[in-house]
Amino acid sequence: MRESAQDHSGLPSGTHPTADVPSAPLFGSKSIAEVFTSSAAALGVPGYTNHLQLPPAQRVCVVLADGLGRNLLKQKVSHTPFLRSVLADGQRNVPKWIDSAFPSTTAASLASLGTGLPAGQHGMVGYDVLDPAQDKVVNLLGNWDPQVDPAQWQPHATVFEHLAAELDVVTVSLPQFGNSPMTQAALRGSRFVGGTTLHARTAAAAEAMSGGGRSLMYFYVNELDKAGHRYGCQSDRWEHQLEELDSTVKRLSATLPAGTTILLTGDHGMLDVPESQRIDYSTDESLVAGVRHTAGEPRMVHLYLEPDTTEVHRDALIAAWRRRFGERIWAFTRDQAVDAGLFGEVRPEVAPRIGDVMIAARDTLALYDTRRARPASLEVVGQHGSLTKAEREVPLLCFAAAGRKGKRG
């Protein structure tokens, strides 16, 4: 089976409901995991379901704008004249937004995009998480641990690997991502074309798709996310990068073969956290009592407990977090997260990578363990990782490229 993701949008029968677990992403129907699989179906490849109701196509270009949330695009639509025109034209039954993976972080969402699976299957369950084999926290994005084999950590074949024998699959991204461990884990199997600037990438995309055969392209844009983390998503710098994204998508529309289906989406949204709300929780002993490792990211914290920790102690730890932060957080156990479907169906090998206790931010709050966090990380303004609408909902724009002689935009 090429698609095994399930829709876990509600609590499974027989489990105890809890008000302190957020609702799960719409895996199996309306999430980032359905973008490539629906594209494959639209391209006529057997074995895939077109959950997103994409139009039949000969070529599909998926533009992934890192950090582009649905709410942000709505707020800043005056900065995107081309995308505004796309929205005005409508897109029939294709949904205008989808859910990111959980956590709403790049490693989890790009792996769901690449495999068509939720994080409980592909195993990329956070920015950094526990590697049980090493009893060590490992990074799953840019600082990959040399002792972790990407193909073993994420063993499922990617959509690219399935499609490579049937059509041209190509990635257009920054050169340093060509053979990165993250790419090997989540997006392996495509022909890679690098471009340092957005102009270089759009030119490379047009050249790569000029052959005329069936093609699925993944086009990655990271500039928006970088600006958001450093300056905030309400900053002039972020708005400038949004304008650059708008121009980039317009150039793709003008230079890709006419009729190519272009999809624009994001891997997560973002919100700004003021400096006063970037809190070091490690100074409160009650919040780390019995905790062996901390991981995740400031808006989605994984707490791994000592092996001899009892349920009584675990529940006391959760109570301490709730006393400190009240309704500003969701606090829940691994079992509650799994029962609620936050990670989709979870492989046995993946479960120990998930925190025994998880703390997810509900408002503008960021939580740090400064015993292991780099000082620079406390300077990050734009943040994500939790399951608020601002972080989990990403746009899905679908339209046909005009081609070189087109008049669109």
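Residues numbered from 1 in each chain as written. Predicted model: local features only at pLDDT ≥ 70, side-chain atom pairs only at ≥ 80, totals over all residues. Heavy atoms only, no water.

Asks: Would you take a moment to explain the sheet that holds strand E13 (residues 329-333) for this structure?
Replies: Across a sheet, strands are paired by hydrogen bonds formed along the backbone, either parallel or antiparallel in direction. Pairing within the open sheet is antiparallel, and its 4 strands lie in the order E11-E12-E14-E13. At either margin of the open sheet sits one strand with a lone partner, and together these are strand E11 (291-297) and E13. Between one strand axis and the next, the sheet turns through 15° on average, direction left out of account. Sheet topology places strand E12 (residues 300-305) next to strand E14 (residues 357-361); 4 bridges connect them, and they run antiparallel. What sits directly across from Val 301, in E14, is Ile 359. Where helix H13 (residues 311-325) meets the sheet, its contacts fall on E11, E12, E13 and E14, and the angle it forms with E13 comes to roughly 175°. (Pairing = 2+ DSSP bridges. Helix = DSSP H or I, 4+ residues; strand = E, 2+ residues; numbered from the N terminus. Axes fitted to C-alpha atoms, helices over the stretch in contact; angles between N-to-C directions. Contact = heavy atoms within 4.5 Å.)

Asks: How do you make sense of the sheet that holds strand E1 (residues 59-65) when you look at a structure like this?
Replies: In space, the 7 strands of this open sheet follow the order E2-E17-E8-E1-E7-E5-E6, with mixed pairing throughout. Since the sheet does not close on itself, it has two edges, and those belong to strand E2 (97-99) and strand E6 (191-194), each with one partner. Shown here is a sheet whose adjacent strand axes are inclined to one another by a mean of 20°, direction ignored. Sheet strands touched by helix H1 (residues 35-42): E1, E2, strand E7 (215-221) and strand E8 (261-265). Its angle to E1, the strand with the most contacts, is close to 165°.

Asks: Teacher, can you tell me more about the layout of surface pockets here?
Replies: The gaps of empty space that remain are located by a probe, the size of a water molecule, rolled over the atoms. One number sums up the size of the second largest pocket: a volume of about 270 Å³. Lining the second largest pocket are 14 residues; nearest its centre among them are Pro 55, Gly 90, Gln 91, Arg 92 and Cys 398. Of the residues forming the lining of the second largest pocket, the biggest block, 3 residues, is contributed by strand E17 (residues 393-400). In terms of residue class, the lining of the second largest pocket is built from 6 nonpolar, 5 polar and 3 charged. (1 Å grid on protein atoms, 1.4 Å probe; cavity = no way out; pocket = protein on both sides within 12 Å on 5 of 7 lines; lining within 4 Å. Points joined across faces, edges and corners; volume = space filled by probe spheres on them. Nonpolar A, V, L, I, M, F, W, Y, C, P; charged D, E, K, R; others polar.)

Asks: Would you take a moment to explain the pattern of salt bridges for this structure?
Replies: If the charged atoms of two oppositely charged side chains come close together, the side chains can form a pair. On inspection of all chains with the given rule, the structure shows 17 salt bridges. With a shortest N-O distance of 2.6 Å, Glu 223 and Arg 201 are connected by a salt bridge. One end of the pair, Glu 223, is in helix H10 (residues 223-231); the other, Arg 201, is in helix H9 (residues 198-208), and 22 residues separate them in sequence. Taken individually, Glu 223 and Arg 201 each receive the classification buried, so the pair is uniform in this respect. Where salt bridges share partners, they join Asp 135, Arg 292 and Glu 306 into one cluster. (Salt bridge = Lys/Arg side-chain N within 4 Å of Asp/Glu carboxyl O. Buried < 20%, exposed > 50% of the residue type's maximum accessible area, 1.4 Å probe, protein only.)

Asks: Which parts of the structure should I look at to understand H9?
Replies: Because an α-helix packs 3.6 residues into every turn, residues spaced three or four apart end up facing the same way. Looking only at H9, the buried set comprises Leu 198, Arg 201, Thr 202, Ala 204, Ala 205, Ala 206 and Ala 208. Close packing links the buried residues of H9 with strand E5 (168-173), E6, E7, H10 and helix H11 (236-255).

Asks: Please explain the confidence of the model for the protein chain as it appears in this structure.
Replies: Caution applies to low-pLDDT parts of the model: their predicted coordinates are not meant to be read in detail. Of all residues in the protein chain, 94% have pLDDT values of 70 or greater, and the mean over the chain is 93. Within the model, the stretch residues 1-19 combines pLDDT values under 50 with 43 contacts to residues more than four positions away or in other chains. (pLDDT = per-residue confidence, 0-100.)

Asks: How do you make sense of the side chain of Asp 66 when you look at a structure like this?
Replies: Locating Asp 66 in the fold gives a position in the loop between E1 and helix H2 (70-75). Here Asp 66 is buried and forms no salt bridge, its nearest opposite-charge partner Arg 201 lying at an N-O distance of 9.9 Å. Looking at Asp 66, its side chain comes within polar contact range of the side chain of Tyr 220, at 2.5 Å. (Lys, Arg positive; Asp, Glu negative; His and termini not counted. Polar contact = N/O pair within 3.5 Å; in protein donor to acceptor, adjacent residues only side chain to side chain.)

Asks: Looking at this model, I keep getting lost on the packing of helix H3 (residues 81-89) against H11. Mind explaining?
Replies: Where H3 contacts H11, the axes come no closer than 7 Å and their chain directions differ by 65°. Across from Pro 81, Phe 82 and Leu 83 in H3, the residues of H11 making contact are Asp 246, Val 249, Lys 250 and Ser 253. When the residues that make up the contact of H3 with H11 are grouped by side-chain class, the tally is 4 nonpolar, 1 polar and 2 charged.

Asks: What exactly am I supposed to notice about the nonpolar core here?
Replies: Burial of nonpolar side chains together is a common tendency in soluble globular proteins. Core analysis: the biggest nonpolar cluster contains 68 residues, and Phe 36, Leu 216 and Leu 342 have the highest contact counts within it. If sequence neighbours within four positions are ignored, Leu 342 has contacts with Val 21, Pro 22, Ser 23, Ala 24, Pro 25, Phe 27, Phe 102, Phe 332, Ala 337 and Leu 387. Core analysis: the second largest hydrophobic core is formed by 34 residues, Cys 61, Val 63, Leu 242 and Val 249 among them. (Core = buried A, V, L, I, M, F, W, Y, C linked by side-chain atoms within 4.5 Å.)

Asks: Mind showing me how you'd approach the state of the cysteines here?
Replies: In this structure the tally under the stated criterion is 0 disulfides. As a non-bridged cysteine, Cys 61 has Cys 398 as the owner of its nearest cysteine sulfur, 12 Å distant. The buried category is assigned to Cys 398, whose relative accessible area is 7%. (Disulfide = S-S within 2.5 Å.)

Asks: Whenever I open this one, H3 confuses me. Can you help?
Replies: Among the residues making up H3, those that are buried are Phe 82, Leu 83 and Val 86. For H3, the angular spread of the buried residues around the axis is 95°, confining them to a single face. Of the surrounding secondary structure, the elements contacted by the buried residues of H3 are H2, H11, E8 and E17. Positive phi shows up at Gly 90, right after H3, with a value of about 80°. (Arc of directions from axis to C-beta.)

Asks: Explain the packing of H9 against H11 to me, please; I cannot follow it from the model alone.
Replies: The description of two packed helices rests on the angle between their axes and on the distance between the axes. Between H9 and H11, whose axes approach to 10 Å, the crossing angle comes to 20°. Considering their axes alone, H9 and H11 lie roughly parallel with respect to each other. As for how H9 packs across H11, the hand of that crossing is right-handed. Every residue of H11 that contacts H9 at Leu 198, His 199, Thr 202, Ala 205 and Ala 206 is listed here: Glu 244, Thr 248, Arg 251, Leu 252 and Thr 255. (Parallel < 35°, antiparallel > 145°, perpendicular 65-115°, else oblique. Left-handed = near helix turned anticlockwise from the far one by under 90°.)

Asks: Please clarify how the pairing of E11 should be interpreted in this entry.
Replies: Each regular strand shows side chains that alternate between the opposite faces of the sheet. Along E11, 6 of the 7 residues are buried, which leaves the element largely enclosed by surrounding structure. Summarising the sheet, E11 and E12 pair through 6 bridges and their orientation is antiparallel. Considered in E12, the bridge of Val 291 is made with Leu 305. Following E11, the chain reverses through 2 residues before pairing antiparallel with E12.

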